[in-house]
Amino acid sequence: TPLTNDMIDPTADTLTAAFSDSMGYLNNYATFLRRQIGEYLVNHVRMLPKALILIAVLEDADADADAADAVPTSTSTATSTSHLVGTVEVSFHPSTRSKHLTLNSPADLPYLCNMAVNEEHKRAGYGSLLLDAAERLVLNTGYKSIYLHVRHVDKPALQLYRKFGYEPEGEDIGLVKLLGMDQRYLMRKYLQPKNED
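A quick note: this is a predicted structure, and the numbers were derived from the prediction, not measured.

About the criteria used
- Residues numbered from 1 in each chain as written.
- Predicted model: local features only at pLDDT ≥ 70, side-chain atom pairs only at ≥ 80, totals over all residues.
- Heavy atoms only, no water.
- Helix = DSSP H or I, 4+ residues; strand = E, 2+ residues; numbered from the N terminus.
- Expected span 1.5 Å × (residues − 1).
- Buried < 20%, exposed > 50% of the residue type's maximum accessible area, 1.4 Å probe, protein only.
- Contact = heavy atoms within 4.5 Å.
- Pairing = 2+ DSSP bridges.
- Arc of directions from axis to C-beta.
- Axes fitted to C-alpha atoms, helices over the stretch in contact; angles between N-to-C directions.

### Some details on helix α4 (residues 126–140)
Under the 1.5 Å per step criterion, the end-to-end length of α4 is 21 Å for 15 residues, consistent within 8% with the ideal 21 Å. Counting buried positions along α4 gives 11 out of 15 residues, so the element sits mostly inside the fold. The elements touched by buried residues of α4 are β1 (51–59), β2 (82–91), β3 (111–117), β4 (145–151), α5 (155–163) and β6 (184–190). One or two positions beyond α4, positive phi appears at Gly 142, with a value near 95°.

In structure tokens form, the structure reads like this:
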């Protein structure tokens, strides 16, 4: 599902938690990071067709069951609660991407970024579902390949991307560590249309 304004806050929380944990930021910096990510999301929601942020949500089954069991009245309304599971962004234009000192993705091809799954939903297959949705989006827009960056130290993400067929096209040299940066791979996948049964 594309990100909507009402889901910006939980999406910002998910990305902040992912980036803070993975980069070892201090709590006081996490507050600043959360504000920056919130502003980024507000801006990027309006950037169609240059970029699209996808989110995965779960509907609260208990809320739906309670609503179904309730006796309807003229003043009652059935509402369900959505819980954000994760997010991923697909950039179709370089103006929507961060510029890096090294290893930038090709400007004319889609780029996947800012993928994160809530801690309580990790290792349940939602990362694969988000990745699949992003790839389908890219195929539906007529592109045949997609790029992404992954840090060397992010072994679970690297394993997921390799499982999905992403291959390294380059990597940062060790000197980036002198600048306080983690080494990254630039990975590419050639996409094939999926058979729909």
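### Observations regarding the pairing of β3
Looking along a regular strand, one sees the side chains alternate between the two faces of the sheet. Counting buried residues in β3 gives six out of seven residues, a clear majority hidden from the surface. Pairing between β2 and β3: five bridges, direction antiparallel. Opposite Gly 86, over in β3, you have Val 117 as the bridge partner.

### A look at α5
Counting along an α-helix, one turn takes 3.6 residues, and residues three or four places apart therefore face a common direction. Among the residues making up α5, those that are buried are Ala 157, Leu 158, Leu 160 and Tyr 161. Around the axis of α5, the buried residues are gathered within 160° of arc, so they sit on the same side. Every exposed residue of α5 that faces more than 90 degrees away from the buried side is listed here: Lys 155, Pro 156, Gln 159 and Lys 163. Along its buried surface, α5 packs onto β3, α4, β4 and β6. At the exit of α5 stands Gly 165, carrying a positive phi of roughly 100°.

### A few points about the side chain of His 44
Along the chain, His 44 falls in helix α2 (residues 27–45). Apart from the residues within four sequence positions on either side, His 44 is in contact with Ala 51, Ile 53, Glu 89 and Thr 96.

### Points about the sheet that holds β2
Strand order in the open sheet made by the six strands is β1-β2-β3-β4-β6-β5, with mixed pairing throughout. The two strands at the open ends of the sheet, each matched to only one other strand, are β1 and β5 (167–171). Ignoring strand direction, the axes of neighbouring strands in this sheet form an average angle of 30°. Pairing of β3 with β4 involves two bridges; the strand directions are parallel. For Tyr 111, the partnering residue across the bridge sits in β4 and is Tyr 147. Sheet strands in contact with α4 are β1, β2, β3, β4 and β6, and its direction is about 155° off that of β3.

### Things to note about unusual backbone geometry
With an omega of 0°, the peptide bond running from Leu 48 to Pro 49 counts as cis. In this structure, Asn 114 is a non-glycine residue whose phi angle is positive, near 55°. Residue position: Asn 114 is located in strand β3. Of note, Arg 123 is a non-glycine position whose phi angle comes to about 60°, a positive value. Its location among the elements puts Arg 123 in the loop between β3 and α4.

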